Amino acid sequence: MNTSRQIKDNLWYIGASDRRLALFENMMPVPQGTSYNSYLLIDEKTVLLDTVDQSISAQFLENLTTLLKGRTLDYIIIHHVEPDHLASLNEVLVRFPKATIVCSMQAAKLIKQFMDIPEDANFQTVKEGDKLLIGKQTFNFIGAQMVHWPEVLVSYESSEKILFSADAFGTFGALSGNLFADELDFDLDWMNEARRYYTNIVGKYGCQVQNLLKKATALDISMICPLHGPIWRQDLAKFIEKYDFWSRYEPEDREILIIYGSMYGHTESAAMVLSGLLADKGCKNIKMFDVSATHVSYLVSESFRCSHIVLFAPTYNGGLYPPMENYLLDIKAHLLQNRVFALIENSSWAPVSGNAVKTILSEMKNTTILEPVISFKSSMKDSQRAELEELADAIVKSI
Ligand code: FEO
């Protein structure tokens, strides 16, 4: 059955959602599923805007062919070639072999790397500044390199003022009938997943996102159509402002994130004591996570949100507890910066985790480690409560 939805007079949503996917990119849990968005614009010419992941290919193809009602497909604009958007291209070409694939030069090369495209497939490569006239409407192409891959273009349809933004302004989460962000309680139900999507997928490319934001703010945009998650037609500035924070690596909230590793509960106890001290001193919305029990994508996301990060790091195998090391290497890989850290190490005979953490943090831009750095052996004793008090005071003063 055709599940497409009309967005404008001549623009349809023809994507779908996958609620069975466990891990996005086979890494990140998506308990609320994910949508793969694709759009069809029908003017004097017919234009498909990106394809979809293979998991929802059948539904997408039914939507596409039903809406075209026997008309041919003239253009397929490929903004981004990651297979969650590209995988159905060959299936489209089987049905519409004369369609012209419009994409960047690098995308044309990558498409041929990912799939055996028919040799006689028509390509039209475009770059920033190029236009595609399809009747009353015109697509204007804008370079968006590294948001999230090097070949990415976004396009701005200037008569309806629609930005087709590729991965930018996307979010994890399946769509459940409501296509538009203004039909949802986005702040309550979606923002955390939008942040987790951004930080883990595009977080490393803050500089490139800033470049795209500069180009976007020069446009008069009435609607943003991303490749994942809801469409934006109201309060665009609110979401764009979030992207500005995230891509400048500035914390959204001056709040405390505590991340601990604990094999037998002793380090967790110390973390509980410090969190209680901080609460007693008036800190609100403290978030605490067991690094072994929480997927690192959630920790990356919260690390982008919070200004202060407290690490309770056990020593392990003469080094750093592996889940803690994995978390730190991940935030370093995502270029997290401008954060204040507090550090508590634990060891039973040879303390090294503190220095291992310091080494990683020293390779991240503009990070501060508050004093005192605390070290304890096996389990923290009441005699060290004063040290925790001193650290709590330092955190409160810093916030
Ligand atoms: Fe949703 Fe970078 O692909």
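Everything numeric in this text was worked out from a predicted model, so none of it was measured.

Calculation criteria
- Residues numbered from 1 in each chain as written.
- Predicted model: local features only at pLDDT ≥ 70, side-chain atom pairs only at ≥ 80, totals over all residues.
- Heavy atoms only, no water.
- Salt bridge = Lys/Arg side-chain N within 4 Å of Asp/Glu carboxyl O.
- Buried < 20%, exposed > 50% of the residue type's maximum accessible area, 1.4 Å probe, protein only.
- Helix = DSSP H or I, 4+ residues; strand = E, 2+ residues; numbered from the N terminus.
- Domains from an automatic or database assignment.
- Contact = heavy atoms within 4.5 Å.
- Polar contact = N/O pair within 3.5 Å; in protein donor to acceptor, adjacent residues only side chain to side chain.
- Core = buried A, V, L, I, M, F, W, Y, C linked by side-chain atoms within 4.5 Å.
- Axes fitted to C-alpha atoms, helices over the stretch in contact; angles between N-to-C directions.
- Left-handed = near helix turned anticlockwise from the far one by under 90°.

Colleague: Looking at this structure, how should I read the pattern of salt bridges?
Modeller: A side chain with one charge may pair with a side chain of the opposite charge, provided their charged atoms come close. Per the counting criterion, the structure on display carries 19 salt bridges. Put simply, Asp 130 and Lys 127 hold a salt bridge, and the shortest N to O gap is 3.5 Å. A relative accessible area of 23% places Asp 130 in the partly exposed class. Its relative accessible area of 53% is what places Lys 127 among the exposed residues. Notably, a salt bridge pairs Arg 305 with Glu 302, separated by 2.8 Å at the nearest N-O pair. Taken together, the positions of Arg 305 and Glu 302, both in helix α9 (residues 296-305) and 3 residues apart, correspond to about one turn of that helix.

Colleague: Could you clarify how one ought to interpret the domain arrangement of the protein in this entry?
Modeller: Put simply, an interface is often sized by how much accessible area is lost when its parts join up. What the domain assignment reports for the protein is domain 1 (5-247) and domain 2 (253-398). Taking only C-alpha atoms into account, the centre of domain 1 sits 38 Å from that of domain 2. Listed per partner, the contact involves 13 residues of domain 1 and 11 residues of domain 2. There are 0 salt bridges connecting domain 1 and domain 2. Connecting domain 1 to domain 2 are 6 residue pairs in polar contact (both at pLDDT 80 or more). For the side of domain 1 that touches domain 2, the elements supplying multiple residues, two or more each, are β5 (28-29) and α5 (186-202). Broken down by element, the side of domain 1 that touches domain 2 gets its largest block of residues, 6 residues, from α5.

Colleague: Can you walk me through the nonpolar core in this structure?
Modeller: Across soluble globular proteins, you tend to see nonpolar side chains buried next to one another. Core analysis: the biggest nonpolar cluster contains 94 residues, and Ile 76, Leu 89, Ile 111 and Phe 139 have the highest contact counts within it. With 8 residues, the single largest contributor to this core is α5. Counting 25 residues, the second-largest nonpolar core is a separate cluster that includes Ile 309, Leu 311, Ala 313 and Leu 361.

Colleague: What should I look at first to understand the packing of helix α6 (residues 206-217) against helix α7 (residues 236-247) in this one?
Modeller: The packing of two helices is summarised by the inter-axis angle and the distance between the axes. It is the contact of α6 with α7, at a shortest axis distance of 9 Å, that shows an interaxial angle of 145°. Both α6 and α7 take part in a crossing whose hand is left-handed. Of α7, the residues touching α6 (which contributes Gly 206, Cys 207, Val 209, Gln 210 and Leu 213) are Ile 240, Tyr 243, Asp 244 and Ser 247.

Colleague: Please explain the environment of Phe 141 as it appears in this structure.
Modeller: Relative to the assigned elements, Phe 141 resides in strand β13 (residues 138-143). On a C-alpha basis, the gap between Phe 141 and Val 102 in space is 10 Å, while along the polypeptide they are 39 residues apart. Leave out the neighbours within four places in its chain, and Phe 141 touches Ile 77, Val 102, Val 126, Lys 127, Glu 128, Gly 129, Asp 130, Lys 131, Leu 132, Leu 153, Val 154 and Ser 155.

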